[in-house]
Structures are given as C-alpha cells and as structure tokens.
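# Reading the structure
So you can see what is in the structure, the chains are spelled out below.
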Amino acid sequence: MPSPEPLPLEALYSACDPAELTFATTAELEPMERPPGQKRALDALHLGASMRRPGFNLFVMGPRGADTLNITRRYLEGIAKDDARPWDWCYLYNFDESDRPRLLRLPPGQGKRWREDLRRLIDDMRTAIPATFESEEYQNRLQELQQQHSRRHREAFEQMQREAEQNSVALVTLPTGFAFAPMNDKGEVIEPDAFKELPEEERKRIQKVIEGLQEKLQEMFHQFPQWQKETQQKVRELNKEMTLLAIGRPIQELRQRYGELPVAVAHLDAVRDDLVEKIEVFHSADRANIEQLLHRYQANLLVHSEPNGGAPVIFEDMPTHQRLVGRIEYQVHHGALVTDFSQIRPGALHRANGGYLLVDVRKLLTHAFAWETLKRTLFAAEIRPESLEQTYGFWTTASLEPEPVPLTVKVVLLGDRLLYYLLAAHDPEFTDLFKVEADLEDDLPRDAETRQLYARMIATIAKRDGLRPLDRGAVARLMEHASRMAADSERLSTKARELADLMAEASHYAEHDGAACVGVNHIEQTLEAQEFRASRVRERSREMVHKGIQVIATQGHAVGSVNGLSVLQLGDYAFGQPTRITATARPGRGQLVDIEREAKLGGRIHSKGVMIMARFLGSRYAPENELSLSASLAFEQSYGRIDGDSASVAELCALISAISRVPLYQGIAVTGSVNQHGEVQAVGGVNEKVEGFFDVCRTAGLDGNQGVALPATNVPHLMLHRDVRDAVAAGRFQLYPLKHVDDALALLTGMRPGEPAEDGGWPEGTLNRAVADRLATFAKARPRAGGAEEPAGDDDD
Amino acid sequence: MTETGDLKGQEPRSRQPGAEDAGIRRVVILLDASRRSMAALDAAAIFARASGAELVGWFVEEEELMRCAGYPWVREVSLSGAATPMQPGEVEQRLRNRAEAVRSALQRVARTQGLRTRLHIHRGRVVQKVLELSTRDDFLILGKIGYRGALGLRVGSTARALVGSAPGRVMMYEQPARSVSPSVIAVVVTPGEEGLRALATSVALAVNNGASLAVLVATDNESGRDRQRENTIRTLLRDANSHIRVLTVREVTTNNVLQVLGAESAESLVVPRQWALQAQRRRVDLVEEALMPVVVVP
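Residues numbered from 1 in each chain as written. Chains lettered and ligands numbered in written order. Predicted model: local features only at pLDDT ≥ 70, side-chain atom pairs only at ≥ 80, totals over all residues. Heavy atoms only, no water.

Our next topic: the pattern of salt bridges. Residue and element names in this part refer to chain A. In this structure the tally under the stated criterion is 74 salt bridges over all chains. Between R100 and E97 there is a salt bridge, with its nearest N and O atoms 3.4 Å apart. Assessed through its relative accessible area of 36%, R100 is described here as partly exposed. The partner of R323 in a salt bridge is E316, with the nearest N and O atoms 3.0 Å apart. The exposure class assigned to E316 is buried, which follows from its relative accessible area of 2%. (Salt bridge = Lys/Arg side-chain N within 4 Å of Asp/Glu carboxyl O. Buried < 20%, exposed > 50% of the residue type's maximum accessible area, 1.4 Å probe, protein only.)

The subject of this paragraph is the nonpolar core. Counting residues in hydrophobic clusters, the biggest one holds 49 residues, and the most contacted among them are V27, L55, I141 and V215 of chain B. Considering each element in turn, this core owes the most residues, 8 residues, to helix 1 (residues 35–51) of chain B. In terms of nonpolar packing, the next biggest core, distinct from the first, is built from 48 residues, M613, L617, V649 and V662 of chain A among them. (Core = buried A, V, L, I, M, F, W, Y, C linked by side-chain atoms within 4.5 Å. Helix = DSSP H or I, 4+ residues; strand = E, 2+ residues; numbered from the N terminus.)

Another aspect to go through is the packing of aromatic side chains. Applying the stated criterion across every chain, the model contains 23 aromatic pairs over all chains. Between Y621 of chain A and W762 of chain A, the aromatic rings sit 6.0 Å apart at their centres with planes inclined by 45°, giving tilted as the arrangement. Of this pair, Y621 of chain A sits in helix 23 (residues 604–621) while W762 of chain A sits in the loop between helix 27 (741–749) and helix 28 (767–781), placing them 141 residues apart in sequence. We note that Y621 of chain A, like W762 of chain A, is buried. Aromatic side chains F47 of chain B and F139 of chain B sit 4.7 Å apart centroid to centroid with 50° between the ring planes, which places their arrangement in the tilted category. With F47 of chain B in helix 1 and F139 of chain B in strand 7 (residues 138–143), this residue pair connects regions lying 92 residues apart in the sequence. Of the two residues, F47 of chain B and F139 of chain B, both sit in the buried class. Each residue in the set F59, W371, Y420, Y421, F430 and F434 of chain A is aromatic and connected to the rest through ring pairs, giving one cluster. Its guanidinium or amino end placed over the ring of W87 of chain A, R105 of chain A lies 3.7 Å from that ring's centre, counting from NZ or CZ. Sitting above the plane of the Y13 of chain A ring, R725 of chain A keeps its charged end 3.4 Å from the centroid. (Phe/Tyr/Trp six-rings, centres within 6.5 Å; stacked < 30°, edge-to-face > 60°. Lys NZ or Arg CZ within 6 Å of the ring centre and 35° of its normal.)

A few words now on helix 26 (residues 722–729) of chain A. Residue and element names in this part refer to chain A. For helix 26, the complete set of buried residues consists of V724, R725, A727 and V728. Buried residues of helix 26 fall within an arc of 160° about the axis and therefore sit on the same side. Contacts made by the buried residues of helix 26 are with helix 25 (686–700) and strand 29 (734–738). Downstream of helix 26 by one or two residues, G731 has phi in the positive range, about 75°. (Arc of directions from axis to C-beta. Contact = heavy atoms within 4.5 Å.)

Take the sheet that holds strand 7 (residues 313–316) of chain A next. Remark on secondary structure: sheet strands pair via backbone hydrogen bonds, oriented parallel or antiparallel. All names here are of chain A. In spatial order, the strands read 7-12-15-1-16; together these 5 strands make up an open sheet with parallel pairing. Across the chains shown, the open sheet's two edge strands, defined by having one partner strand only, are strand 7 and strand 16 (436–439). Adjacent strand axes in the sheet meet at a mean angle of 20° when their direction is disregarded. Across 4 bridges, the pairing between strand 1 (residues 58–61) and strand 16 is parallel. (Pairing = 2+ DSSP bridges. Axes fitted to C-alpha atoms, helices over the stretch in contact; angles between N-to-C directions.)

Right, let's get into the environment of G754 of chain A. Residues and elements named next belong to chain A. With respect to the helices and strands, the residue G754 is situated in the loop between helix 27 and helix 28. Taking the C-alpha atoms as reference points, G754 and E764, 10 residues apart in sequence, are found 8.6 Å from one another. Residues within four places of G754 in sequence aside, it is in contact with W762, T766 and N768.

Our focus in this paragraph is the sheet that holds strand 3 (residues 102–106) of chain A. Residue and element names in this part refer to chain A. Reading across from one edge, 3-2-6 is the order of the 3 strands in this open sheet, with antiparallel pairing throughout. Every interior strand has two partners, whereas the edge strands, strand 3 and strand 6 (299–303), have only one. Averaged over all neighbouring strand pairs, the angle between strand axes comes to 30°, with direction disregarded. Each of strand 2 (88–92), strand 3 and strand 6 touches helix 3 (residues 111–133); the most contacted strand, strand 6, lies at about 165° to it. Here helix 7 (residues 262–277) sits on the sheet and contacts strand 2 and strand 3; the angle it forms with strand 3, its principal contact strand, is near 130°.

The interface is formed by 36 residues belonging to chain A together with 31 residues belonging to chain B. Of the roughly 3,100 Å² buried where chain A meets chain B, counting both sides, 57% is carbon and sulfur surface. Across the contact surface, chain A and chain B share 2 salt bridges. The salt bridge partner of E288 of chain B is R154 of chain A, with a shortest N-O separation of 2.3 Å. On the surface where chain A and chain B come into contact, there are 15 residue pairs in polar contact (both at pLDDT 80 or more). (Buried area = accessible area lost by both parts, 1.4 Å probe. Polar contact = N/O pair within 3.5 Å; in protein donor to acceptor, adjacent residues only side chain to side chain.)

Moving on: the side chain of N675 of chain A. Residues and elements named next belong to chain A. For N675, the position within the fold is in the loop between strand 26 (673–674) and strand 27 (680–681). Take N675: its relative accessible area is 14%, and that puts it in the buried class. Of the polar contacts made by the side chain of N675, one reaches the side chain of E679; its length is 2.7 Å. If we ignore the near neighbours within four places in the chain, the residues touching N675 are I612, F616 and Q681.

Residue and element names in this part refer to chain A. Across the interface, helix 17 (residues 448–464) lies against helix 19 (residues 496–513) with an axial gap of 10 Å and an inter-helix angle of 60°. For the element pair helix 17 / helix 19, the angle class is oblique. As helix 17 runs across helix 19, the sense of the crossing is right-handed. From helix 17, Y454, M457, I458, I461, A462 and R464 reach across to helix 19, where they touch A496, L499, A500 and M503. Its residues assigned to classes, the contact of helix 17 with helix 19 comprises 9 nonpolar, no polar and 1 charged. (Parallel < 35°, antiparallel > 145°, perpendicular 65-115°, else oblique. Left-handed = near helix turned anticlockwise from the far one by under 90°. Nonpolar A, V, L, I, M, F, W, Y, C, P; charged D, E, K, R; others polar.)

A separate point is the confidence of the model for chain A. Model confidence for chain A is summarised by a mean pLDDT of 90, while 97% of its residues fall at 70 or above. In the predicted structure, residues 785–797 of chain A sits below a pLDDT of 50 and forms 23 contacts with residues beyond four places in sequence or in another chain. (pLDDT = per-residue confidence, 0-100.)

What follows deals with the pairing of strand 20 (residues 561–570) of chain A. Residue and element names in this part refer to chain A. The pairing of strand 20 with strand 21 (residues 573–586) spans 10 bridges and is antiparallel. Bridge pairing in strand 21 places L568 opposite F575. The hairpin turn running from strand 20 into strand 21, its antiparallel successor, is 2 residues long, and G571 in that turn takes a positive phi close to 65°. Sheet analysis places strand 20 next to strand 25 (residues 668–670), joined by 2 bridges and oriented parallel. Following the sheet pairing, N563 is matched in strand 25 by A669.

Following this line, the structure appears as structure tokens:
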C-alpha cells in the first residue's frame, strides 16, 4: 500500500468569495423576522404556541451560544402581539375571612380604573364622613338619643328611689352598688339598734319592703344591658343613615359602573356595610385608625395589561419559587410580623398569565423547589402566592391564603439538549407538561441560498444591537469563521450570540478607526484579539515544549513513539496540543496494558479504543492462536484525565512499532480513531489539532517533511488558520488523509505494510512481516518466561 | 339674642367695689374616691394654683353605709344585678381604703402642682357635713356625679343638693371635651346682684386661666336700671384683660345658653344660683346638658 498523498491547499479551507454577495453593506439588507434554517424548531414553536390544551408547553433547546432566548422571544412576541390581551387581576380585602383575600378579575385594561375609582371613593370618605358626622343635624340627633338613654336610666332609678322613700326606705349609694335600708323621718338610715326597738310587725314589714325593693332593683339592673343595646342599635341606625348620606351616592355610581362584575359589586356592598358597622372609628378622630379602616377598601392591583399590548411575553431571569408564584410581604408592627391583602406581590406567572413565560431551565433547576413549584402550578392551572415556609410548613406565623388565580400560560423552557434528555428520562411528570420540543439546529448547510439568508441574519443582528453595518468582505469573513465555529467547511454555525459578540467587538474597532462600516480588517482584528486574550495557557504550553520540558520530537525516527494530538477546551476557547504516545512490547499472554486506565486517568471511551486495538492486533497477527504479547501504552507527561478514542490510530502505530522494532517518523502527528478492522474514523477538533502541531513544528523549525495525518472523513471539516495554509502552500507542512491504519503505518515507517498471503503469512520486507516475526519470537520465548505476567490486562481473556 | 360689642383691647382700670368678692382664698375639693371626683381633683389643683389659693380636700365617711351594714338582711345590689350581704368590718375597711386613696391622690397633686394641701376626714352625711364646714368664701369643687354615674346619670344627688344650699360658690366639675384649663368661659349675667357676682367670678377665673369670656347678659325692661347695670358690667369686664364677647338677650333661657356654649366653643360655664335652680326645674337641665364644669354663684 503506497503512502497517502498530501492534501491539496484547496482542501484546507473553504473561502467565501465576497463577490458572490450581492450587496455593498448590510445596511442594504432587510432584517429577518425569523432565523434562517430553523424550520423544524419554528414549526415546533408555532405548534406549542397555538395548542391550547394542557401540557403543550415548550422546551426550546439549542447549542450553547445559539441565542435561544432571543430567537424564541422574538418569535413569540410576533405571535403574541395579535393575541387577546389578558385579564387584569386584583386582590381585595375579604370582609368575612380577612386571611383569605378575594380575587377580582377585570376586563383587560380596567384594573387601573377600578383601583383609581376606589382611591377616589376612599378620598371622598376621608372628607365627606367627618363633615357629615360633625354636622349639627347628626350631633343633635345623637345627643337626643344619648339623652333618651340617660333619661330612661334616671327615671327608672328615680322611680325606684321614690318608691323607697314612700315606704320609709333609704336608697344608699355604695362605690360598687346600692343598698336599701330603713329610713327615719329626717331621711336618715335608722341605727340598727334603734330599729330593733320597733315593733316586730313593723320590722318585718320594713324588711319585706326592702327585700321587695332589692328584687326590683336587681330586675332593673338586669334590664340595663338591654336598654344599652337598644340605644346602641338606634345609634347604629343613625350612623348608617348618615353614612349612606355621605357616601351612598358614589358607591351606587360605582355599583352601576361595575355592575357586570359580581365580585366588584359585592366588594362595594361590603365596603358600605363595613363602614356603617365601624363608623365609630371616624368618631375617634384617630387618623391611624381611620387610615387602617380605609386601607381595607382599596384594591391591590396585581397585574394589568397595557392598552396597546397583546398577550404578555415574560422572561424570568431568576426563576425562584417566590419570583414564579409571587410572594406575601410582611411588615413589623409592635414587634410582630403582620400582613394583609395589600402585601401580595405578583410573580412571573401572574405577569405572564394569558401569554408566555420564558425560563432558563438550568436556572430553574438550580433554585430550590422552583421546578417543583412550576410543575405543581401548571398541573393545578392556578397560582397560589405563598412562601416556601408556608408551603412546606416551616413557619407558623399567621399568613394569608389568597384565592388562587386561574392560570392559562404557555411556559417555554430554554436549555441545552442534555437537560431535556435528563428530564425526559428521570422526571415522569416532565413529558406530561412539556410535550413540545423545539430543537434549534447547531448549523446550516453553506450553500448559495443560505449564504444570502445568513448575510441577512448578520444584518439583523447589526441593526438590532445598534452596530455599524458590515461590508460584504466582513460578512464573507464572518461566514468563514461561522464554518470554523461549526467545525465544518460545508456548514455555518447558528451560534448567533457568539456572532453578535464578535460583531460588537468589530464594530467597536471600526468606531475607533472612524470607519463607517465594519470591514474585514476589523473582523480579523477581533479574531486575533479574541485568540490573544484567551491564549495564555496555550502560550505556556508551547513554551514548555520549546524548552524541552515537555518532550515532543518533530524530527527523526523513534521506535514505539508517536505524536498524538489532543484538544484542550478552556471555556469557549480550544487549542490543540501534541502528546507523545509510547508503547512497549514483550512476550506475554495477549495482555495490552493501558497505563492511563491503570493509573485511573483514562476514561471509558479511551479504554474502549484500547480494547478495539487489542482485538485488531489479535485478529490480524494471531487469527488462529493465542497472541503471545504483553504490551503497554502511555501518554507521556500527561498528568490529567484523558478520554476519547481519537488517539487510537496513533496508539496502534506506536504499538506496532514497539512490536516490530521499526522506528516511526516523528515529524508527522497522527489523529483518528480506529475500528476492529483497522479502518480510520473521524474525530473532533481537527482544526485545533492541526494548528497545535503546526505551532510546535514552526517553533522547532519547519523542514518541509512535517505534517499531520488525519482521518480522510475529517477533511471536509478543515478550516485552517492562514499560517497553516501559507506553510502548506510553501511546501513546508503537509496534511495527509487516512482511510486505514496501514496508511498511517506506511506514512510513519516508510515501509509497505503488506497484504497477507493465502496461507496467512506476510510478504518478506513488509512491516506486517516484521510484526509477525517478532510475535513468533515472543511465542517461542513465552514458556521460558515462567508465567511471570503483568498484574492486570485490558483484554477480555 | 343680639351682639352688643367686643371689648378686646380696652385697658384695665382699677378694681371696682364688689370685685374683691370674686377673689378665691380657699379651694375645697369634695372627694369620694370615685373616678369622677379624682378627675375633679386634678382640675381643682390646677385651678387652685392659678388662683394662688389653698387646696383643702374633704372626705366624708358616710355613716349610713355603716348603718346599712348593721342589718343582716340588707344586700348590696351591684349593677350586674348581683345581691351580696354587707359585712360591717368589710364596709369599715372599704371606707378606710377610700380615705387612703383620697389621701394619696391629694399628695400627688400637691407634689405635681407645687401646692399646699390639707385633707380633712369627717364622718356623717355628706351634704350635711359640707354645709356645716364650708363658708361663704370657700370655692367648693365636686364632681357633677360620683358613683351614681355608673347608672348613666349626669348629675348626682350631692351636687344637686349643694347647688341650692352651699354658702359659697360651687363648681360642679365634668371633664370638658378639650382641655382641663378653659380657654373660653361663658357666663350668664341675670338682673340683680347675683348676676353681677357671677360675672365677677367669671372675670376672676378668666384672669387666672388666661381665658376669653363670652358674656350672656339678660336685659331689664326698665331702661334707667339697664344703663346703670351696663356701666357696672363694663367696669367689671375691664379687669378681665382678655378677649370678651358680650351678647345681650331679653331673657336667658337654657337653650340660648347652650347655643352660646356651642358657638363660642366654651369650656366652662358660670351661672347665678337662682337662675340655675330655675333652670333645674325646666325641661332641659342646663347643669346636666352642659358637658363642662359649671360654677354656680350664690
């Protein structure tokens, strides 16, 4: 098998020709209503928004940086502006049960008017009632009632006194009551000793009279409370009459105005009755008490719709329990926490009721009880503003139980796919409530039609964010970068937020330069600045290689050693890093030791790759008998966890080199995964890997033989940095496509791997023959080894 | 009723004959330890201090209570309707307690008002004792009503008895709606010496309290005597040195006095005794209807 041919320059980068764009700057382009290439997600959004059945809430998922929120919000706002305005809601004092505030639903926009009408009514009460009760008419009538009451007592008492006197009995007043006693002609109480001198018959008569008077007095006193009640009732009736005189008319007007709202009418009636009952508060002239009374008549307008708005589209950026369902505030009064209907505050669900509520699912899940609260509220289809303490019984302070608000809201969760799948798998209620998934595409095909749409999307972002327009060169460069972001030269990334950030920075530079438009130079400046800001770790890593602290050979040959490539992801920034992979081989019983795994630094996928390699070796070199090999693999100078199988081609090359003792060329780094048949498969991060090894080689000195071997299926993903492309164009660096591991072996050893003969043997002078010969040597040597083997192995023996 | 003039701003002249009669040398407060009599004590203390007079408290241990307790079948009927036997020892103890309460209250006002006070405790019948002990120069103060106020009555039997029989001036005290110290004093000036004495008393009170005066003068049919009275009234009023409003009416009735009290926002009323006694017999009892201290001048 011949070595693979280097890739042509055109394969390394797919440039976007500005001439293909039919505009000068993005200012000429019409903004887009909807993002391009998202038909699947937008259809799902449309379905979710239009379905009015319970449970058809939405989960919008997309890649990180896709600006899911803005896409969803804009789309829903487009729908919501034509939707019906939601009801206005307010809480009112419940005159029957003060801890259960009543709920009033008002037609859209009438909430404010109702609140103002009640305020005016209360203002009227503040002035009209005192004036009425200070009027001469009221004072005279009240005085008359009080005089009647006093007169009734006095007359009854005087009658009692007269009756006593007529019977020669004195009525004596004591601090705590009254007593009857025999009286002489002078009106004095007779001395008890003198009384004894009276004839017995007379004494008995007087005693009997006194006992009778005592009973009468008792009877009279028993009537006093009743007389008091009668007077109070008369005063109440007078108060009612005068109160109605003062505020009956304005209340009646409001009753007519809100006649179609039974709760409003009932409130007005309750206000009137309560005022009549508690009118004494006005008599006290204590402002605090009066305001406390009037406070109960007002409305706590929870939510109201604006005149020009449709249905609300609300994004809650901190979806805690209380911010979702509202809260009940407290005030300290004489050292105690007190609350009432006016202290109920709306939550995001109140504000979004009748419309759409957008919530970031990650935030929702990370706030205690918020997810459970949202689910419970959606299932119940009503909002109960209550604190967590109240819900879970942590707190026993008296609180309110407001009438729940009926809920008709479309909840839209925004998040990444992992969370969607985790919720779907582990929360059985999730799919009952969120039946519609809207999955935003990560990227779009880079064809002629999409390029135009993409340009309009860029123009839309520029206008929306108030940025300078971009000339077509800048747009073309942005598209190239979008392909790099998508890690595919044939696709464009949909990560609108990342694009918007890049454009904002470029616009800033353009503004600094005094340019009317953002040009390609500003985009390049931005990309360089972004890379520079993020590249501190990469530079330190390169320095370590350059100083020889981390050993990476870029020239010469070595047995059992090859340069593999890995990608380090630091936040949004990723860079490639070469790693020296080494292998050893000796006689044994088919064990392949993955040192990374033994050291608990290797992940499962990496282990899987090593096992596949072991099977490939066994099936190729010992298809009929036991593989007499004990080999090991290690990532040199790697001290962190590694995972993935993208180094398995490189590992296999190192292993075969170690077995065959055929040296490998160190100037070519290898990436790619391998299957059990030795076929090379695609891996991720090829651009970063190529650029990473290129940087190391450039620092060490490019000699024209260095390069990177990568899976042929990854070639369409190449969008390499200009420096790499320039070096390739100058013949100082090469990229080689790999389809089979033999391609890599031929490239690194300079030997033909060789095809097996009919008897299963390998031709002389081929690499595979060298491997087979060495394994045969191992097989002979193994019995003499006395069975001393490695403690553990990765194969499945 | 007609308004005859506003005398504010006129310079005071020398004291006229008869004015010294209005001077207050000793204020006697009649106490029974009821809530209302205690309120009267506070007002009396302020009044005595303003007048520069001595304050003397009288507490009468009512013999009749002890006699009542001597009858085993006599019951004390409380306002709740409960009837309980009276024990002589217990009644005696209660009298001592009340006397002690009175003594403490008097000491308190002496301390707070910086007054010289004395307390006399007597045993007997209240009205009889007051008439025995008081002189024409005493200014007697008592609550309009004592314990019988609990029945809803506004004027008690002691007050009613003393209005007609006390040798000197009597103030029947009732807590006014506004302040303890009156800012407007209304006075009824009837024909004759008694009316002028009432006026002189009201002037003295106004001077002591810095209060304004609302004077309701009854005219006499004989024009010659009218002019003479008018001169005397003017002379007395010049001593007041305060805002004075004089209203002249053909006859002073209970109703027009009540109207003046309301219109002038008066907080104290001074009336001649005979007029007061006549008023008591009318349908509307002024002493009862005027919700303020009423001073009766013999």
